[in-house]
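Examination of the molecular architecture
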Amino acid sequence: GLRKPAMDFFVVRAGLMMCCFCIILISWERLVEGGESFADSLTSNSFSGEQVAAVVVFLVLMVQVRAEYTWYTQWRGPEAKAEDKRERQDIAIDSRGASAARSVKSPGTGDVNINTAVFLGQRILFLTELIGLHSIFIVQWAISATNTPRMSNSVQLAFYLFFMLYLIFTSLQMRYDVHVTSGGLGFTHSMDLFTSIAFKVYLAIPFVEEMRVLTDWTITRTSMDFFMWMKLEDTQQSLYRTKRDFYLRRWYPPAAPRPGWEKVLQGGLLLVGLIVLIVAPIALFSTLNPSLQANRLTSATLSGNLIVQSSAEGIRQMRLYRGSQVSIVQELVHSDMSRDAAEVSFGALSEETFDSQTVFQARVAQALGEPDVTAWFQFKYQLEFNGDTLKGVTANAVHRVALDKNTTLDIGNLVNESLSQDVTTKAAIRLPAALQATLRVNSNLEVSFLGDWFDLYLTFQSGGRAEGWGAKDKSRGRWRLGKSNCKDADLKLSGEALECPITQLVASEKSAPVPVGASSSWSVMGIYLGVVYTIGRLLRVVFQDSSKRVIYEEIPDTSLLEDLCNGIYIARIQHLLRTEYKLYYQLMSILRSPELLLNVTGNFCDQNFDDEVNISAAMDDYIPRFQGGAKTQSEQWLTTVGEVEQESEETYVVPEASEPPEDLRVLDEMPEDLGETFVGVADPPQRIEDSAQSPTSPFRELRRRNQGYSRGHSHTEM
């Protein structure tokens, strides 16, 4: 029977389906009303169940597109049914004898049922997709707030157009068949630049090649297992890369210098890329990055705690002072523009009241009077940056000042005096070298102290002096903590010190923007270890051990091996499983034998030099002759290409061995009437007509090698 006319729409259908899949994955919030964006889902590690279900559905549809295409390429005519019956009979003869061949039935009925099921399934699936697409949009319009039957945004319109185009090309594909003349990946059938780039992009996308090969192997009737199938696919793609490489080499004459533009585009750009790759992580976190995000100080809090340790009481901590910023002045112009600088001031008067009648205060005062007491005054900062945005961050810092014995006794007396309700103003106590002038905050929100040290003065003010307090509030008071040398006369206390607000400079480093979904490893070391080192290793793998791949990559003529691969594909399409099986092992035999591979793919020297060229004479121009007229090293080591070939034919000697190799002995013992045959795994010898007529048949070469081995071995024994 005649097959339908051929027209292949697989690439277009697969591309449209991939576009729909990307829209569902990335723009789900615009496709479905009320959905969450892809960036928010990555940040929160939470995806909606509807989106996951849609992703699964479209993955299944992409597999279905490939499976349908693979089914189209198979041979389904009457000749295929007859060939299936012959194949089954041959297998039955090999396994059970000639009498079993008569019991083999024609597979036509089963194939008709399968073809009918596929025919009906295609149309049912097509109608289901068409109705389902419009049903989804109708439901979306029904539940929307506006109840308007139209596309609400461009993403919905693009998805609808892509899917409708996919359905249009699917309906056209049902009218046509697919006739395959070259097997393997479609990108390997052309040598143009666009196809070569598409081939590399295709291989760079993860899981696509694996899904294609798994689908083809699952759908196709074949005699090869999955790993054999993968070896064939890899062989076919490797041959394409080798053919493309030699195709580009033929653009220039042999031994011609490489052009300057190639040096610039490959060597120069690669060097620039390596330098950029090495420097990029540190440049990302430096002032060279124009996208650095500012860390503006928006709020600050300072607290002062008295920490007391004694053998009897242990460690006790009491807060004396807590104050928030009085003012924050941003310095827009300063010497280091890689940081944001702000001057922050904290009020001298604590914002929290101090209850002098609590038992806890009395126990702390008692501990300060112990002879073995040790005391510290601890400052604690809480700095908030970018608090006016939703991406505010907080940095915390602690600084502790050890108090000497005299200062400890003075603070103990001051605490004891705070328990008295009669005294309203206490003498100020000096805390020497308490704080530094500058707080530096790095991009990791770690705080360090810089600049000159300055003293602070601590005193207590009872409730009688507090604003808005009545006479009944004398048991409550506030602590004052500030700097000296303040010009405000209203803050004078007992004539001993003038206290003014604590003023410090906060310098915060600008930070590099963090990508969506980035983990805690987003740092200079994390990028170097996770990205730069990985790319460096991948680049090393490209060139490392390349000498071991020379036998398969330096092939001047790949036509015979490509024809052999295509023969395997065509035999599979036409259901000639025995031929497919034998041709596969014939291909493996060639790839396993360097001599056969060299014989069927040509000599590299023959492809690039004329027979008249004398390589040794050319090298003598650069290698001086020895004294006394002796031959040069090149004359000792090299001859012309024609002499090398003639010498190899006349003086070829097979290395000695106790007995011929196993494969050659088996081949030599085979009867002559079988001619050029193939011996597969667990498969009796069968004739391959095409191989018998081929002048470069691998089996002819094996027999010649076996005869040469026998002559050389006999000569050795004599």
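Residues numbered from 1 in each chain as written. Predicted model: local features only at pLDDT ≥ 70, side-chain atom pairs only at ≥ 80, totals over all residues. Heavy atoms only, no water.

What follows is about the overall build of the protein chain. Helix and strand counts for the protein chain come out as 25 helices and 14 strands. Here the protein chain holds 718 residues, and the buried ones make up 35% of them. Relative to all contacts within the protein chain whose residues are 6 or more apart in sequence, the contacts with residues 24 or more apart total 68%. As displayed, the protein chain has an accessible area near 41300 Å², and 59% of this comes from carbon and sulfur atoms. (Helix = DSSP H or I, 4+ residues; strand = E, 2+ residues; numbered from the N terminus. Buried < 20%, exposed > 50% of the residue type's maximum accessible area, 1.4 Å probe, protein only. Contact = heavy atoms within 4.5 Å. Areas by Shrake-Rupley, 256 points an atom, 1.4 Å probe, with all protein chains shown as cover.)

Moving on to the pattern of salt bridges. Between side chains of opposite charge, pairing is possible as soon as their charged atoms come close. Counted according to the given criterion, the structure contains 17 salt bridges. Residue arginine 13 is joined to glutamate 68 by a salt bridge in which the shortest nitrogen-to-oxygen separation is 3.3 Å. A residue pair is termed long-range when its members are at least 10 positions apart, and arginine 13 in helix α1 (residues 10–26) and glutamate 68 in helix α4 (residues 49–73) qualify at 55 residues. Residue class for arginine 13 comes out buried when judged on its relative accessible area of 1%. One salt bridge connects lysine 548 with aspartate 545, and the closest N-O pair in it is separated by 3.7 Å. Overall, lysine 548 belongs to the exposed group, its relative accessible area being 62%. (Salt bridge = Lys/Arg side-chain N within 4 Å of Asp/Glu carboxyl O.)

Tracing the chain through its elements places threonine 301 in strand β1 (residues 297–310). The buried category is assigned to threonine 301, whose relative accessible area is 18%. Setting aside anything within four residues of it in sequence, one finds threonine 301 in contact with Arg322, Gly323, Ser324, Phe346, Lys380, Tyr381 and Gln382.

For β1, a buried count of eleven out of 14 residues is recorded, marking the element as mostly surrounded by other parts of the structure. Sheet analysis places β1 next to strand β5 (residues 374–385), joined by twelve bridges and oriented antiparallel. Its bridge partner lying in β5, serine 299 is registered against glutamate 384. (Pairing = 2+ DSSP bridges.)

For helix α10 (residues 226–249), with 24 residues, the first-to-last C-alpha span of 35 Å sits near the 34 Å given by 1.5 Å per residue. The set of residues buried in α10 consists of Met228, Trp229, Leu232, Glu233, Thr235, Gln236, Gln237, Leu239, Tyr240, Thr242, Arg244 and Phe246. The opening residue of α10, the one whose side-chain oxygen lies 3.2 Å from the backbone nitrogen of phenylalanine 227, is aspartate 225. (Expected span 1.5 Å × (residues − 1). Polar contact = N/O pair within 3.5 Å; in protein donor to acceptor, adjacent residues only side chain to side chain.)

Looking at the element boundaries, serine 345 is found in strand β3 (residues 339–346). Here the alpha-carbon distance between serine 345 and glutamine 325, two residues 20 residues apart in the chain, equals 5.5 Å. The contacts of serine 345, once residues within four sequence positions are left out, are Ser324, Gln325, Val326, Ser327, Ile502 and Thr503.

Turning our eyes to something else, we now look at empty space enclosed by the protein. Over the atoms rolls a probe the size of a water molecule, and in doing so it shows where empty space is left. One pass over the structure, following the stated rule, counts two cavities of 30 Å³ or more. Volume-wise, the largest cavity comes out at about 40 Å³. Around the largest cavity sit Arg13, Gln64, Glu68, Gln122, Leu125, Phe126, Glu129, Tyr166, Thr170 and Met174, which together line it. Elements that contribute at least two residues to the lining of the largest cavity include exactly α4, α6 (108–143) and α7 (154–175). Per element, the largest residue contribution to the lining of the largest cavity is four residues, and it comes from α6. When grouped by side-chain class, the residues that make up the lining of the largest cavity number four nonpolar, three polar and three charged. (1 Å grid on protein atoms, 1.4 Å probe; cavity = no way out; pocket = protein on both sides within 12 Å on 5 of 7 lines; lining within 4 Å. Points joined across faces, edges and corners; volume = space filled by probe spheres on them. Nonpolar A, V, L, I, M, F, W, Y, C, P; charged D, E, K, R; others polar.)

Next up on the list: helix α9 (residues 208–219). Note on helix geometry: an α-helix contains 3.6 residues per turn, so any two residues three or four positions apart are oriented the same way. Compared with an ideal rise of 1.5 Å per residue, which puts twelve residues at 16 Å, α9 spans 17 Å between its outermost C-alpha atoms and is within 8% of the ideal. Those residues of α9 that fall on the buried side of the exposure criterion are Glu209, Arg212, Val213, Thr215 and Asp216. The arc that holds every buried residue of α9, seen down its axis, measures 160°, which confines them to one face. The inward-facing, buried residues of α9 contact α4, α8 (193–204) and α10. (Arc of directions from axis to C-beta.)

With their axes 9 Å apart at the nearest point, helix α11 (residues 260–284) and helix α14 (residues 524–543) run at an angle of 170° to one another. Considered as vectors, α11 and α14 are oriented roughly antiparallel to each other. Of α14, the residues touching α11 (which contributes Leu274, Leu277, Ile278, Val279, Pro281, Ile282 and Leu284) are Val524, Ile527, Tyr528, Val532, Ile535 and Leu539. Per-class residue counts for the contact of α11 with α14 are 13 nonpolar, no polar and no charged. (Axes fitted to C-alpha atoms, helices over the stretch in contact; angles between N-to-C directions. Parallel < 35°, antiparallel > 145°, perpendicular 65-115°, else oblique.)

Attention now moves to the environment of serine 324. Within the secondary structure, serine 324 sits in strand β2 (residues 314–331). Spatially, the C-alpha atoms of serine 324 and serine 303 are 8.6 Å apart, while their sequence positions differ by 21 residues. Within the structure, the side chain of serine 324 is placed 2.6 Å from the side chain of glutamate 351, a separation counted as a polar contact.

Turning next to the nonpolar core. Among soluble globular proteins, nonpolar side chains are generally buried collectively. Within the largest apolar cluster, 46 residues are counted, with the highest numbers of intra-cluster contacts made by Phe379, Tyr381, Leu383, Leu456 and Leu481. Formed by 29 residues, the second largest nonpolar core is a distinct cluster that contains Cys20, Val32, Trp71 and Leu133. (Core = buried A, V, L, I, M, F, W, Y, C linked by side-chain atoms within 4.5 Å.)

Scanning the model with the defined rule gives 20 aromatic pairs in all. Site record: aromatic cluster; members linked through ring pairs are Phe58, Phe159, Phe163 and Tyr166. Directly above the ring of tryptophan 376 sits arginine 400, whose terminal nitrogen or CZ lies 5.6 Å from the centroid. Here the basic side chain of arginine 572 rests over the ring of tryptophan 229, its NZ or CZ set 3.7 Å away from the ring centre. (Phe/Tyr/Trp six-rings, centres within 6.5 Å; stacked < 30°, edge-to-face > 60°. Lys NZ or Arg CZ within 6 Å of the ring centre and 35° of its normal.)

To continue, consider a nonpolar patch on the surface. A cluster of nonpolar side chains, contributed by Leu270, Leu271, Leu274, Leu539, Val542 and Phe543, occupies part of the molecular surface with about 530 Å² of accessible area. Secondary-structure elements contributing two or more residues to the nonpolar patch are α11 and α14. With respect to the element layout, phenylalanine 543 can be found in helix α14. (Patch = residues over 30% accessible without salt bridge, like charges linked within 9 Å, V, L, I, M, F, W, Y side chains within 5 Å.)

Right, let's get into the environment of arginine 175. Tracing the chain through its elements places arginine 175 in helix α7. Measuring from C-alpha to C-alpha, the distance between arginine 175 and proline 5 comes to 8.3 Å, with 170 residues separating the pair along the chain.

Put simply, the protein chain has an average pLDDT of 75, and 69% of its residues get 70 or more. Throughout residues 465–472 the model reports pLDDT below 50, and contacts reaching past four residues in sequence, or to other chains, amount to nine contacts. Confidence drops under pLDDT 50 across residues 709–718; counting only partners more than four residues distant or on other chains, this segment forms ten contacts. (pLDDT = per-residue confidence, 0-100.)

This part covers unusual backbone geometry. Although it is not a glycine, phenylalanine 207 adopts a positive phi angle of roughly 75°. Within the secondary structure, phenylalanine 207 is located in the loop between α8 and α9. Residues other than glycine seldom take positive phi values, yet aspartate 545 does so here, at roughly 60°.

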